[in-house]
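Summary of the model geometry
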Amino acid sequence: MDQEEGSTTVDNIVTQFNTYEDFLDSQITTLDMYYLEDEGLARQLVELGYRGTGEVVKREDFEARKAAIEIARLAERTQKKTLTSAGKDLHDNFLKALAMREEDNRSGISVIFIRDRNSHGQEVSGYIDYAHRLKIEDFEVYFSGKKRLLPRPTDMSFYNWDSQVAVWNSTPNYQVIADNPEGLLFKYKRDRKILNVDPKAQPGDNSTRTPIQTELYIQAVIFDHVSRRKT
């Protein structure tokens, strides 16, 4: 039996039996118990290959494969975790753009620029680390239309045009470079590439700038960055 066939056999046994002892018991016959009169001894003989009606599988192989299958199952369940935007009837282009990028931004790639008026009627604008906001708050209220996504003083950048208050904050994904004479820059921490948000300039290596036609905001732009760094 080659290695591939052996691996398949172990997989079949591991998925069929909850414990190694259950597997051993399945190999013990009524006749074995009649002569041996000891379940523990019968199990030992099966484990050593002296008794049994099927394949010999070592305890360490069984337990290692059992653990690997469980890890893979949990990883698959995590990957299939329902997206917040799933099943939503989205009509506005901005929400559709966010939904399209939601899964990718579980690992951090997009920066959202929004300019609009807040609940006090003040004009505000700012840059939002989409992945970071996804991690720290529930986007259900945005995709369901109950609230509008707006920049906050805790985002990458925030500017209140009425009070002229300006705030910058680095995030787990981006470092803010606010003292650049040519304008605001963001450095993606994973590959250290620079994202230039100046509309008159190129956004930078592996980055794109996409203006969004939307009825929800005065202005909305999404910058997408693709990291080339190997992990």
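Everything discussed here concerns the structure shown above.
These numbers were taken from a predicted model, which means no experiment stands behind them. (Residues numbered from 1 in each chain as written. Predicted model: local features only at pLDDT ≥ 70, side-chain atom pairs only at ≥ 80, totals over all residues. Heavy atoms only, no water.)

Our next topic: helix α6 (residues 93-101). Turning to α6, its buried residues number three or more, namely F94, L95, A97, L98 and R101. Angular distribution of buried residues about the axis of α6 spans 160°; they occupy a single face of the element. Summarising the contacts, the buried residues of α6 are in contact with β1 (110-117), α7 (130-136), α8 (140-143), β8 (207-211) and β9 (219-225). (Buried < 20%, exposed > 50% of the residue type's maximum accessible area, 1.4 Å probe, protein only. Helix = DSSP H or I, 4+ residues; strand = E, 2+ residues; numbered from the N terminus. Arc of directions from axis to C-beta. Contact = heavy atoms within 4.5 Å.)

Let's shift gears to unusual backbone geometry. If you check the backbone angles, Q164 has positive phi at about 60° while not being a glycine. Here Q164 shows up in the loop between β3 (157-160) and β4 (165-168). Positioned with a positive phi, N206 is a non-glycine residue whose angle comes to about 60°. The topology assignment puts N206 in the loop between β7 (194-196) and β8. Given a relative accessible area of 29%, N206 falls into the partly exposed group.

Attention shifts here to the side chain of N173. Here N173 shows up in the loop between β4 and β5 (174-177). In this structure the side chain of N173 is engaged in a polar contact, spanning 3.0 Å, whose partner is the side chain of D129. (Polar contact = N/O pair within 3.5 Å; in protein donor to acceptor, adjacent residues only side chain to side chain.)

To continue, consider the packing of aromatic side chains. Under the defined criterion, the tally for this structure stands at nine aromatic pairs. Taking 4.8 Å as the distance between ring centres and 45° as the angle between the ring planes, the aromatic pair formed by F113 and Y127 counts as tilted. Separated by 14 residues along the polypeptide, F113 in strand β1 and Y127 in strand β2 (residues 123-129) bring together distant segments of the chain. Judged on exposure class, the residue F113 and its partner Y127 are both buried. Taken together, a centroid distance of 6.2 Å and an interplanar angle of 45° make the contact between F139 and F143 tilted. We classify F143 as buried; its relative accessible area is 3%. Ring pairing ties together the aromatic residues F113, Y127, F186 and F223, which thus form one cluster. (Phe/Tyr/Trp six-rings, centres within 6.5 Å; stacked < 30°, edge-to-face > 60°.)

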